[in-house]
Amino acid sequence: MLSRVASSIYWLNRYIERAENYARFVEVNLNLTLDLPRGTAEQWEPLVATTGDHESFMHRYGKATKETVVRFLLADPANANSILSCLVAARENARSVREVISSDMWEQVNRFYLMVRDSVSKGLSSQNLHPFLLDVKANSHLFLGITDATMSHGEGWHFARLGRLLERADKTSRILDVKYFMLLPTVTAVGTPFDIIQWSALLKSASALEMYYRRFGRISPDDVAAFLVLDSTFPRAIRYCLIKSEDSLHAISGSERGAYQNQAEKRLGRLRAELDFADVEDCVADGLHEFVDQFQAQLNDVGDSIFETFFAPRPIHSTIPVMETQ
Amino acid sequence: MKLSSYDPGEFYDELYEGQGQPRPGSTVLLRKLASLPEGELKKRQEAAERVILNMGMTFGVYGSDHGHEQIFPFDIVPRIVVSSEWEHIESGLRQRMRALNFFIDDVYHDQKIIKDGVVPSELLHSGKGFLPPCMGLNPPRRIWCHIAGIDLVRIGDGRYYVLEDNARCPSGVAYVLEARQVMKRTFPELFETYRVRPVDGYPSQLLETLRSLSDLPDPTIVILTPGIFNSAYYEHSLLAQKMGVELVESSDLIVVDGFVHMRTTKGSQRVDVIYRRINDDYLDPLAFRPDSVLGVPGLMESYKRGRVALANAPGTGVSDDKAIYAYVPKIINYYLAEEPILPNVPTYLCSDRRDRTYVLEHLDQLVVKATNEAGGYGMMIGPHASKQEREDCAHHIEADPRNYIAQPTLALSRVPTLVEDHLEGRHVDLRPYVLYGRDIYVLPGGMTRVALRKGSLVVNSSQGGGNKDTWVLS
């Protein structure tokens, strides 16, 4: 497969997954603010902080309100990570690999893009914000389903899954981080029903509430962290994402699991092994936020080595041996 | 819907012999349209447009400020060509394709046609399409132009004429394939009654043509595109998809040890045949334009040594120069000893003093074209131009006569076209596609381009033109 094509498939899937997760970010905050006790101010700044684009947001908007944050995360063409920008980028990537993906995949990306573009140009208000977020999630799921059902599960598909799951692992860690930035009304509110409501809102935005209940039954902060970080079967849990990413990486290079042929496999294998042998105490010992921060840095390194290994244009050397002459 | 008020007017109408009198092949179609309830055709047109939007059928327009991508305008009423008419067209296209290839091969070898005084030497050497680096080259089976799109028009006398040849990188065939898909989705019942010859075979015919350029049992074939910002990118990706070959950009290709390779996730892989959709000038910065960022350094050298095949071969532009066009009837006669089956449109060469004087005196009646432009750029339609535009045109001609030809303003035939809720005649042309591999293949149908603006004669998509499906009946 052409390096450029592999890169486009990878990024196509990262952008679609990113758009879906931005919808989840906003959704978690909407859920949280709806449950706020009377008289408490809505908190929108924490949301921007978790995306990592806090600085550029403050520079452009100055003040975090529901309107400015929603515009920044969903509809702002100047924010390279907004849902609108993600769909523009996903579509451009899809357009450049139309001959490799199925027509059904292309048509779905195109429809998804048109839906977002039209919704944004009509304006997102409190009335249509929630349906819009649901639409974004549903369109992303549809794209995923179409990809699985219409594209050969060969090299291209593995690059698609790799991109999608690395993006998802990063974003699940950020959803978990929203709770860190979200201030409780008082310090003593930890462990109160209100605290519990926040944790369940968070699970809900990762579509994890039912699966969590089946495993743990009741809400406790440690169990939520354990579930979203360490579960090996829930598809939005970080560890699950790393396991499947690693499978795809090995399927691409053809090497055995447990060994590595390149820097990408080495780094991802290490990171996955760390989680294999971690329990929730390891995650929260120095604070969950610190754990998440460190994890994101390591995941970035994995992304960098995937670029170096597969996508970066490398010099191709002559195979004719150089003859030495007297 | 009511069709009785449709007025074919003074033009040749492709579906009507006269008011209320359908042509033989069109009866069933027009009866069907007449049976539709008022507003139904418009509904289907809108449904077709939604399909086009969702499929992402787009083209790019250079210098347009509406963003670089536009949905292709499409009209739901098809053009019909009956089989006897098509046989005539097809035989004319085959004849022209053979003659043009003989001409190109001769021009890059002995130039007998020049020595025999049939085509003037200065006309050949002054054209931008003639590439001296191609002298003496021998592409596989001495075929240079494998893929051509030849523009035809029909005028008042009901005869088809060749308007121009496109022998470099003709585009538009993707719209033929997609227009048919759209029509099948929106008018399934008509396909049950009509025997419309299918166009779906084009990609596999193209693949066979490209395969014929290599002696290897399973050559690696790629399409070379300038990239997603090119106006025809949609077509490049569609053809790659339908042939199952890689679509590459020039940065994906590299010449190693004299052979062309593409960069893959598993190292480099040799490429044997390139269907290139970039112009000669941009193929190889070492051979042609050193400023080109699109090219592959070393590609021409590899091609000259026969290590990679290119379709079309570099240098075919010599045959579709609009001044050379005027000589094509003589070219056919010279190489094949046959009379042209499809006649040319009368053409005045501004490089010829007598022709030029005539052109300058009759600018208000003529269409003036730049010899080396395509896509409707550099064209002046005398009867529709302002005084200022005609004066500008005269200056251009006097400054560089070789670069201009003129033709009479043709009363192009019309096809009923949906305008709001009723049908009106709109002018059309027809671009059939011809492939030349082991044999010559002519796609049954082609791109019927329609000038959607009332009275307009310019059918180019970059200038307000649209597209209709073309039904060749069997």
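Residues numbered from 1 in each chain as written. Chains lettered and ligands numbered in written order. Predicted model: local features only at pLDDT ≥ 70, side-chain atom pairs only at ≥ 80, totals over all residues.

Tallying secondary structure elements over chain B gives 14 helices and 24 strands in all. In terms of overall dimensions, chain B is globule-like: its C-alpha atoms have a radius of gyration of 23 Å, near the 23 Å expected for 474 residues. Along the three orthogonal principal directions, the C-alpha set of chain B runs to about 70 × 60 × 45 Å. Taking all 474 residues of chain B together, the buried fraction comes to 48%. Restricting to contacts in chain B with at least 6 residues of sequence separation, those with at least 24 account for 69%. (Helix = DSSP H or I, 4+ residues; strand = E, 2+ residues; numbered from the N terminus. Rg over C-alpha atoms; globule rule 2.2 N^0.38 Å. Buried ≥ 20, exposed ≤ 12 C-beta atoms within 10 Å, placed from the backbone. Contact = placed C-beta atoms within 7 Å.)

Before going further, it helps to examine the overall build of chain A. Each helix and strand in chain A was counted, giving 15 helices and zero strands. Relative to a compact globule of 326 residues, whose C-alpha radius of gyration would be 20 Å, chain A shows 21 Å and is just as compact. If you take every contact in chain A between residues at least 6 apart in sequence, the share linking residues at least 24 apart comes to 69%.

Let us now look at the interface of chain A and chain B. Taken together, the contact between chain A and chain B spans 23 residues of the former and 22 residues of the latter. The element contributing the most residues to the side of chain A that touches chain B is helix 6 (residues 103–122) of chain A, with five residues. Considering only residue class, the side of chain A that touches chain B consists of 10 nonpolar, five polar and eight charged. (Nonpolar A, V, L, I, M, F, W, Y, C, P; charged D, E, K, R; others polar.)

The next subject is the sheet that holds strand 15 (residues 348–349) of chain B. Residue and element names in this part refer to chain B. With respect to topology, four strands assemble into an open sheet ordered 15-18-16-17, the strand pairing being antiparallel. Two strands in the sheet have a free side with no partner beyond their single neighbour: strand 15 and strand 17 (379–381). As judged from the two bridges shared by strand 15 and strand 18 (residues 404–408), these two strands associate in the antiparallel manner. Residue pairing in the sheet places Tyr-348 in a bridge with Ala-406 of strand 18. (Pairing = 2+ DSSP bridges.)

It is worth spelling out the sheet that holds strand 10 (residues 253–256) of chain B at this point. Residues and elements named next belong to chain B. Pairing within the open sheet is antiparallel, and its three strands lie in the order 10-11-12. Each having just a single partner strand, strand 10 and strand 12 (267–270) make up the two edges of the open sheet. On average, adjacent strands in this sheet sit at an angle of 45 degrees to one another, irrespective of strand direction. In the sheet, strand 10 pairs with strand 11 (residues 259–264) via four bridges, with the strands oriented antiparallel. Note on strand 11: the bridge partner recorded for Leu-253 is Met-262. (Axes fitted to C-alpha atoms, helices over the stretch in contact; angles between N-to-C directions.)

Residue and element names in this part refer to chain B. Structurally, Lys-43 can be placed in helix 2 (residues 40–55). Residue Lys-43 is classed as exposed on the basis of its C-beta count, with 12 C-beta atoms lying within 10 Å. Each C-alpha atom, one on Lys-43 and one on Gln-21, is 26 Å from the other, the two residues being 22 residues apart in sequence.

Another aspect to go through is the packing of helix 1 (residues 3–34) of chain A against helix 7 (residues 126–150) of chain A. Residues and elements named next belong to chain A. Where helix 1 meets helix 7, the axes come as close as 9 Å, and the angle between the chain directions of the two elements is 150 degrees. What the angle tells us is that helix 1 and helix 7 run roughly antiparallel. The hand of the helix 1/helix 7 crossing is left-handed. Packed against helix 1, whose contacting residues are Ile-16, Glu-17, Ala-19, Glu-20, Ala-23, Val-26, Glu-27 and Leu-30, the element helix 7 presents His-130, Leu-133, Val-136, Lys-137, Ser-140 and Phe-143 at the interface. (Parallel < 35°, antiparallel > 145°, perpendicular 65-115°, else oblique. Left-handed = near helix turned anticlockwise from the far one by under 90°.)

Moving on, we get to the packing of helix 8 (residues 155–181) of chain A against helix 15 (residues 288–311) of chain A. All names here are of chain A. In the contact formed by helix 8 and helix 15, the axes pass within 10 Å of each other and the chain directions differ by 160 degrees. Relative to helix 15, the element helix 8 lies roughly antiparallel. Relative to helix 15, helix 8 is oriented so that their crossing is left-handed. Between helix 8, through Leu-166, Ala-169, Asp-170, Ser-173, Leu-176, Asp-177 and Tyr-180, and helix 15, the contact on the second element is made entirely by Leu-288, His-289, Val-292, Phe-295, Gln-296, Leu-299, Val-302 and Gly-303. A breakdown of the residues in the contact of helix 8 with helix 15 according to their chemical character gives nine nonpolar, four polar and two charged.

Cis geometry marks the peptide bond from Ala-311 of chain B to Asn-312 of chain B, where omega comes out at -15 degrees. Take Asn-312 of chain B: it is sitting in the loop between strand 14 (309–311) and helix 11 (322–325).

The next subject is the pairing of strand 13 (residues 273–276) of chain B. When a strand is regular, its side chains alternate between the sheet's two faces. All names here are of chain B. Along strand 13, one buried face is formed by Val-273 and Tyr-275 and the opposite face, lined by Ile-274 and Arg-276, is buried too. Inspection of the sheet shows strand 8 (residues 221–224) paired to strand 13 by four bridges, in the parallel sense. By the bridge assignment for strand 13, Val-222 is matched with Ile-274. Taken together, the three bridges between strand 13 and strand 14 define a ladder with parallel strand orientation. Paired with Ile-274 across the bridge in strand 14 is Leu-310. Each parallel crossover has a hand, and the one from strand 13 via helix 10 (residues 299–304) to strand 14 is right-handed. (Right-handed = clockwise from strand over helix to strand, strands pointing away.)

This part is about helix 6 (residues 173–186) of chain B. The first and last C-alpha atoms of helix 6 of chain B sit 20 Å apart over 14 residues, in line with the 20 Å expected at 1.5 Å per residue. Val-173, Ala-174, Tyr-175, Val-176, Glu-178, Ala-179, Arg-180, Val-182 and Met-183 of chain B are the residues of helix 6 of chain B that are buried. (Expected span 1.5 Å × (residues − 1).)

Residues and elements named next belong to chain B. Burial analysis of helix 9 (residues 233–243) places 10 of its 11 residues in the buried class, the great majority of the element. Within helix 9 the residues assigned to the buried category are Tyr-233, Tyr-234, Glu-235, His-236, Ser-237, Leu-238, Leu-239, Ala-240, Gln-241 and Met-243. Just downstream of helix 9 lies Gly-244, where phi reads positive at about 65 degrees.

The next subject is the confidence of the model for chain B. Residue and element names in this part refer to chain B. Scored by pLDDT, chain B comes out at a mean of 91, with 97% of its residues at no less than 70. Contacts of residues 62–67 to residues separated by more than four positions or lying in other chains number one contact, the stretch itself having pLDDT below 50. Interface confidence for the predicted complex, expressed as ipTM, amounts to 0.75; the pTM equals 0.86. (pLDDT = per-residue confidence, 0-100.)

Another point: the environment of Arg-211 of chain B. Residues and elements named next belong to chain B. Within the fold, Arg-211 resides in helix 8 (residues 202–211). With 13 residues separating them along the chain, Arg-211 and Leu-224 place their C-alpha atoms 16 Å apart. Every residue in contact with Arg-211, bar those within four places of it in the chain, is listed here: Pro-219 and Ile-221.

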